[in-house]
Structure formats: structure tokens, C-alpha cells
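Spelled out, the chains give:
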Amino acid sequence: MAPRSLESSITPMEMLNKATVETLYKALLGQEAMEEEVVPNLLATDLEWWFHGPPQCQHMMRVLTGETPHNKAFRFEPRTVTAIGDCCVIAEGWEGQAYWVHVWTLKHGLITQFREYFNTWLVVRDLRSSVWKDRNIKHQNVTLWQSQPRDLYRRSLPGLLLAI
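Quick caveat: nothing in here was measured; it's all calculated off a predicted structure.

Student: Would you take a moment to explain the nonpolar core for this structure?
Tutor: Soluble globular proteins: nonpolar side chains tend toward being buried together. In terms of nonpolar packing, the biggest core is built from 27 residues, with Leu24, Tyr25, Met60, Leu64 and Trp104 touching the most fellow members. Those elements giving two or more residues to this core turn out to be helix H1 (12-28), helix H2 (35-42), helix H3 (59-64), strand S2 (80-84), strand S3 (88-95), strand S4 (98-107) and strand S5 (110-118). The element best represented in this core is H1, accounting for five residues. Look past the residues within four positions of Leu24 in its chain and what remains in contact with it is Val39, Leu42, Leu64, Trp104 and Ile111.

In C-alpha cells:
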């Protein structure tokens, strides 16, 4: 799903945030020089974390906290990385039967919140949309992003709506 009608309307802050998240994944895959120094500089010291999925699948938080070395952990290789507004980046990937979505919230290029969804379909909707302000327009659901697990379309997974 195309999150917007004009892809060229991406802002400089969206580009910065997307680049930050892409740098994080590259560092965790060992593709970034000095990855041990890169990752901590991308994350707020008080990173807020949410998880939805089987408890044994909390892979990213185990890597970010150092519980599991990144070179021995589940390999997160995003298939898509999409900036949504000036503060949110969504990454999605799947390997075999494992499907994951990461929602990163950033402030001035620093990751402040992380939401991990494992084996869960996700739809992101904007509840702050200007259509809510016009009383003549009925409430509309503005979908900003939704899961696109091409290899897993026949699977039955729980679905969640993330309202931002």
C-alpha cells in the first residue's frame, strides 16, 4: 500500500528519521563500521518499548539491551522502511514463517520509542487528520500504512490497529 499519493512530498525530517532507522538496521547486521558505537548514539537512554507477539520473539529488545549479541541474534533485514510524518518510521520484514513490524518514534533524529509486533498484521491510522476538524465531513479513517507480508498472505495472524 502506498502510504501517500505523492511520494515526492517527503520532508527533510522524514528523510533524516528514515536514514537513522536504516543506519540502525545496517549496524545490527554488521554492515556499518564501528557498529558498537553507532547503535547507542541512535537510541535515547530512556527508550520506551512495547511488544506484541509470542514472548520468545522479543528479539530486537534482547539485542538493544545487550542480552543477545547482535551477531548471534535473529537477523532483522527490513523488506520495507517507510517514514510516516515527522516522527514515525515503520520497518517490516519476514523470514520463513516469522513476520515482524517495527514502529520507531524519533525526535530530532533520535529514537525515543520502539514498538515491536511479531506475527501480527498492523494497520496504522491517523486520528489527528484535518478531516476530523471539519464538522461537515463525516469521520474518516485515514490509513497511513498497513502490513504487506507478500510471502505470508495465506496465514491467519492477529491484527492490530495503531492510532497515531
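Student: What exactly am I supposed to notice about the confidence of the model for the protein chain here?
Tutor: It should be kept in mind that the predicted coordinates are not to be read in detail where pLDDT is low. Put simply, the protein chain has an average pLDDT of 81, and 74% of its residues get 70 or more. Summarising per-element confidence for the protein chain, the mean pLDDT is lowest in strand S8 (residues 159-163) (65) and highest in S5 (95). A low-confidence stretch, residues 1-6 stays under pLDDT 50, and its non-local contacts, those more than four residues away or across chains, total twelve contacts.

Student: Which parts of the structure should I look at to understand the sheet that holds S2?
Tutor: Whenever strands of a sheet pair, they do so through backbone hydrogen bonds, lying parallel or antiparallel. Taken in spatial order, the five strands make up an open sheet running S1-S5-S4-S3-S2, and their pairing is mixed. Two strands bound the open sheet, and with one partner strand each, they are strand S1 (43-52) and S2. If you compare each strand with its neighbour and ignore which way they point, the axes differ by 20 degrees on average. Sheet topology note: the S4/S5 ladder contains eight bridges and is antiparallel. For Val101, the partnering residue across the bridge sits in S5 and is Tyr117. Those strands touched by H1 are S2, S3, S4 and S5, and its axis lies near 130 degrees from that of S4.

Student: Even after reading the chapter, I still don't get the state of the cysteines, so can you show me in this structure?
Tutor: Disulfides are covalent bonds that connect the sulfur atoms of two cysteines. All told, the structure shown has zero disulfides when counted by the stated rule. Just so you know, Cys88 is unpaired, no disulfide at all, and the nearest cysteine sulfur is the one on Cys87, 6.1 Å from it. A residue is classified by how much of its surface remains accessible, and Cys88, at 6% relative accessible area, is buried.

What counts, and where the lines are drawn
- Residue positions are counted from 1 within each chain, in the order its sequence is given.
- Only residues with pLDDT of 70 or above have their local features reported here, since the model is predicted, and side-chain atom pairs are shown and tallied only from 80 upward, although totals for entire chains, interfaces and linings are computed over all residues.
- Processing note: side-chain calculations cover all non-hydrogen atoms of the structure and skip hydrogens and water entirely.
- For our purposes a nonpolar core is just a set of buried Ala, Val, Leu, Ile, Met, Phe, Trp, Tyr and Cys residues, chained together by side-chain atoms within 4.5 Å.
- The buried label applies to any residue whose accessible area, calculated with a 1.4 Å probe on protein chains only, is under 20% of its type's maximum; exposed applies above 50%, and partly exposed to all values in between.
- Put simply, DSSP marks the helices as runs of H or I at least four residues long and the strands as runs of E at least two long, and each gets a number from the N terminus on.
- The contact criterion used throughout is that any non-hydrogen atoms of two residues lie within 4.5 Å.
- The score called pLDDT rates the predictor's confidence residue by residue, from a low of 0 to a high of 100.
- Pairing between strands is defined by DSSP: at least two bridges between the two strands are required.
- Lines fitted to the C-alpha atoms define the axes, with helices restricted to the stretch that makes contact. Angles between their N-to-C directions range from 0 to 180 degrees.
- Two cysteine sulfurs form what is called a disulfide whenever their separation falls within 2.5 Å.

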